[in-house]
Each structure stands twice: as C-alpha cells, then as structure tokens.
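One letter stands for each residue in the lines below.
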Amino acid sequence: GVAVTLPFLLKQPVAAHFNASLEAAGTIFSCFMFGMLINEFLNGYLVKYIKVKQEIFLAGLIFVACVIAMFYINSIYTFGVLLFIVGLCFGILVHIPNTLIVHAFDKKIRSVKLNRLDLFFSIGSFIYPFIAGAMLAGLFSFQEVYLTVLVIVLFIFFMTCISKLPDLDSASDNATNTNQHFSKWNINTFIVFFVLIFYFLSYISFTYWIIDYLTSILHINVQAANTGYAMFWIFYGIGCFISSFAVQYIKVGKYILYSIIVSFIAYILVYYSVNTIMMYISISLLGLGCATVYSSSLSFGSLQILHPSPRLMSFYICGTGIATWLGEICSSYVQSAYGIRSIIIISSLLMLVAMTLQAIVLLNQKIVKQ
C-alpha cells in the first residue's frame, strides 16, 4: 500500500529536484508501475526456480540498494531506471502474499484471509500520505521519504525469518497434505478476470479524478476535497474489515455481486450530490462497496478450480495492474474530451458491466451444479 501510494505523493518534489516538468515526473513514475506489472506476472513462473524466502530477501535487498542509489543520481532518467527496478521488487511482494493465502487456505477461510490482507493494503494507502506529507512539509527530501520505507522492509525480513513458508510451486491438498497437479482453468476463471478488469477501470477512473471533481463541481477548497478522497479509503478499509467477517456467512460470489450493486448505487448518488455532506456520504458508500471486490474476487476466481496455480494469481493481479494503468490513461482522455462529470457516467457503466459479468458467473455455477 505504501509503495503504490508514493508515486502519487512525490511527483512534485521529484520534478523540482531534477528541474523537470510535472508531466515528465509523472511519466517517469510510470516506470514503477511498469516494473511492478512485469513481476506480478513473471513471479508466477519465478516461484518454480526460487524459494519464497529467497525471493523476499532478494527483493528487499535490491530495494535497499536502489534507495541508497537515489541519493547519488543527477538524472531523472536514471531515477526512472531505479523506479523500474523498485517496481520489479514490489511486483514480487504483491504476488507472494496473495498466492500464499490461496495456497494455504480453502473456501470461506481463504476469502476471510484475503479480505484481511486487503485491509492492511488500505491502511498503508491511507496512513502513509500523512507521514510523507509531514516529512515533505518539514523539508525532507523525496529520497528520505523512500528511506523510511526501509523500516517496513526490515519488519518483513524479520517476519520472513521466523515464518515457515510453503513451496508455492506444488499444489497441496490441505485435507490430505498430499501434492496434486494444478487444475486447468475453466470459463469462470476468465469471466472473473474480466470482472476485476471492469471493476478496476471503474473505481480507478473515479478516484484518479476525485479531488478535481470535488473542486470543480462543488467548488470546495482542495483541503475539503482531500478529505473526500480520504473518506473513500477510510471506508474502503472499514469495508475490508466488515467483509472479512461477512464472507463467513454469505457466499463470497454473492457478496461480490452485492458489493458491486452498492458501488453502482453510490455512483448515482455521487452524480446527483449537490452539497459537500451528501458527496461525502456518497463517496463513503462507494468505498464500502469497492472494498471487497478485489480480494474476494481473487478468492472467488481461485475457488472456481480445485487446485489453483501461482500462474492464476499472476493472471489476476497483473490484470488489475493493467486496468489501473488504463484507468488513469482513459479517464484522462474522457476528462479532456467530454468533461470531468462524464467520468462518473463512464465509471458507473463500467461497474454495471462488472455486475453483469459477476451475475453470469453465479448463474453458470448453478447450471454446472445442476
């Protein structure tokens, strides 16, 4: 969560440090996402050759080296290369936790654990902007902001040392503790992939422009708009916490559908909000609705087959990364061509497509069972 948040926070100080334009800094930071995308996909294959603990230590050490190197570079293009390498490291650290949980837990417990994992992602995404903002306000450099992340890396190292981690390239049967062959993917696994794609395109398109939307439509100041953005992530975290218990009592596929419906309704409320309070409520509802879709869909997709492979997790996670990148690009085009208000309409339609696809998977499951 911290790693993904930093590029949004550090574009201006990086541009100032290298005497570059804000647009150039934004382009350079895309190197981080590109590197992350590559290893979110490749790590499904890397686990065949490198043990999980070795991967974690290697990724952490490379990150440390890159952060130290940031203090000695003079070119924004060299910084882009370092960001690409850092992205490769964090691509590994995104893939491993999700795959570990899918590997270690079955059925409802898998959904519970993945939602709790996403809760900690939202905590990092919410808390670190305050830490980084305070450091930048105190005239700390962007390199020193990156340096503080080493505290988290050291904690990861410690937890890795005291934990027993399984071999992710074997399909273990948790009931019999025997190794099985990974299952072939079916049509439902692919439909869940597109549910994730359209969901990410929807909510990324909105959150990428949420501050500009609030300032231009409601004519509120930037601080109040930032509060609206924070409300989304606060209730996203609350939603992850709630869903980690709710999926024990509601089938995860239906819970995803209910969450998408809530998100769709929230978009309608956002569109018709005429004052700040109503907008805050609508955005909070959207955060609650969006909260469970990612983690629960990872679980739901993996439950469509008996023995999901690390490659399936790579497929899903890399797909969401691509959708995040496309969401930023496409929403920028929509904003420039049709105005910022049209982003709400497009986002709601994308969520409607995700809702339809999720309903198809649930219907297809019933047909198969019959």
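Further up the page is the structure itself.
Please read all numbers here as calculations on a predicted model, not as lab measurements.

Caption draft 1: Up close: the nonpolar core. Y199, Y203, L214, Y236 and Y316 are the most contacted members of the largest nonpolar core, which totals 67 residues. Residue contributions to this core peak at 16 residues, all from helix 7 (residues 187-217). Once residues within four sequence positions are removed from consideration, Y316 is found in contact with T189, V192, F193, L196, L298, G301 and S302. Within the second largest apolar cluster, 36 residues are counted, among which are V14, F79, V149 and L150.

Caption draft 2: Structural context of the packing of helix 5 (residues 107-137) against helix 11 (residues 293-302). Axis separation between helix 5 and helix 11 bottoms out at 8 Å; the angle between their running directions is 150°. The angle between helix 5 and helix 11 falls in the class roughly antiparallel. Handedness of the helix 5/helix 11 crossing: right-handed. Every residue of helix 11 that contacts helix 5 at K107, R110, S111, L114, N115 and D118 is listed here: Y294, S295, S296, L298, S299 and S302. Its residues assigned to classes, the contact of helix 5 with helix 11 shows 3 nonpolar, 6 polar and 3 charged.

Caption draft 3: View of the packing of helix 9 (residues 252-272) against helix 10 (residues 276-290). Two elements in contact, helix 9 and helix 10, have axes whose closest approach is 8 Å; the angle formed by their N-to-C orientations is 160°. Between helix 9 and helix 10, the interaxial angle falls into the category roughly antiparallel. Relative to helix 10, the crossing made by helix 9 is left-handed. Residues S259, V262, S263, A266, Y267, L269, V270 and Y272 of helix 9 touch helix 10, and the partners they reach there are M278, M279, S282, I283, L285, L286, G289 and C290. The residue makeup of the contact of helix 9 with helix 10, split by class, is 12 nonpolar, 4 polar and no charged.

Caption draft 4: Geometry of helix 12 (residues 310-338). In this model helix 12 runs 41 Å from its N-terminal to its C-terminal C-alpha over 29 residues, within 8% of the 42 Å that 1.5 Å per residue would give. Where helix 12 ends, the next residue or the one after it, G339, has phi of about 100°, a positive value.

Caption draft 5: A look at helix 2 (residues 22-46). An ideal rise of 1.5 Å per residue puts 36 Å on 25 residues; helix 2 measures up with 36 Å between its terminal C-alpha atoms. Along its length, helix 2 shows its largest kink, about 30°, at E40. Among the residues of helix 2, A25, I28, F29, F32, M33, G35, M36, L37, N39, E40, N43 and G44 are the ones counted as buried. For helix 2, the N-terminal capping position is held by S21, with its side-chain oxygen 3.1 Å away from the main-chain nitrogen of A24.

Caption draft 6: Looking closely at the packing of aromatic side chains. Going through the model one piece at a time under the given rule, you end up with 29 aromatic pairs. With centroids separated by 5.3 Å and ring planes inclined at 85°, the aromatic side chains of F63 and F90 adopt a geometry described as edge-to-face. Of this pair, F63 sits in helix 3 (residues 52-70) while F90 sits in helix 4 (residues 76-104); the two residues are 27 residues apart in sequence, bridging distant segments of the chain. Take F63 and F90: they sit in the same class, and that class is buried. An aromatic cluster is present here, built from Y199, F200, Y203, F232, W233, Y236 and Y294 joined pairwise through their rings. Note that R311 overlies the ring of Y45, its terminal NZ or CZ placed 5.7 Å from the centroid. Stacked on the ring of Y271, the Lys or Arg R341 has its end atom at 4.2 Å from the ring centre.

Caption draft 7: Looking closely at unusual backbone geometry. Although it is not a glycine, N19 adopts a positive phi angle of roughly 55°. With respect to the helices, strands and loops of the structure, N19 is situated in the loop between helix 1 (2-17) and helix 2. Take N19: its relative accessible area is 74%, and that puts it in the exposed class. Unlike most non-glycine residues, L139 shows phi in positive territory, near 70°. Its location among the elements puts L139 in the loop between helix 5 and helix 6 (142-162). Under the relative-accessibility criterion, L139 is labelled exposed at 77%.

Caption draft 8: The environment of G87, seen in detail. Secondary-structure assignment places G87 in helix 4. Overall, the relative accessible area of 0% leaves G87 in the buried class. For the pair G87 and F241, spaced 154 residues apart in the sequence, the C-alpha separation amounts to 28 Å. Contacts of G87, omitting those with residues within four sequence positions, involve F32, G35 and M36.

What counts and how
Residues numbered from 1 in each chain as written. Predicted model: local features only at pLDDT ≥ 70, side-chain atom pairs only at ≥ 80, totals over all residues. Heavy atoms only, no water. Core = buried A, V, L, I, M, F, W, Y, C linked by side-chain atoms within 4.5 Å. Buried < 20%, exposed > 50% of the residue type's maximum accessible area, 1.4 Å probe, protein only. Helix = DSSP H or I, 4+ residues; strand = E, 2+ residues; numbered from the N terminus. Contact = heavy atoms within 4.5 Å. Axes fitted to C-alpha atoms, helices over the stretch in contact; angles between N-to-C directions. Parallel < 35°, antiparallel > 145°, perpendicular 65-115°, else oblique. Left-handed = near helix turned anticlockwise from the far one by under 90°. Nonpolar A, V, L, I, M, F, W, Y, C, P; charged D, E, K, R; others polar. Expected span 1.5 Å × (residues − 1). Bend = angle between axes of the 7 residues up to and from the residue. Polar contact = N/O pair within 3.5 Å; in protein donor to acceptor, adjacent residues only side chain to side chain. Phe/Tyr/Trp six-rings, centres within 6.5 Å; stacked < 30°, edge-to-face > 60°. Lys NZ or Arg CZ within 6 Å of the ring centre and 35° of its normal.

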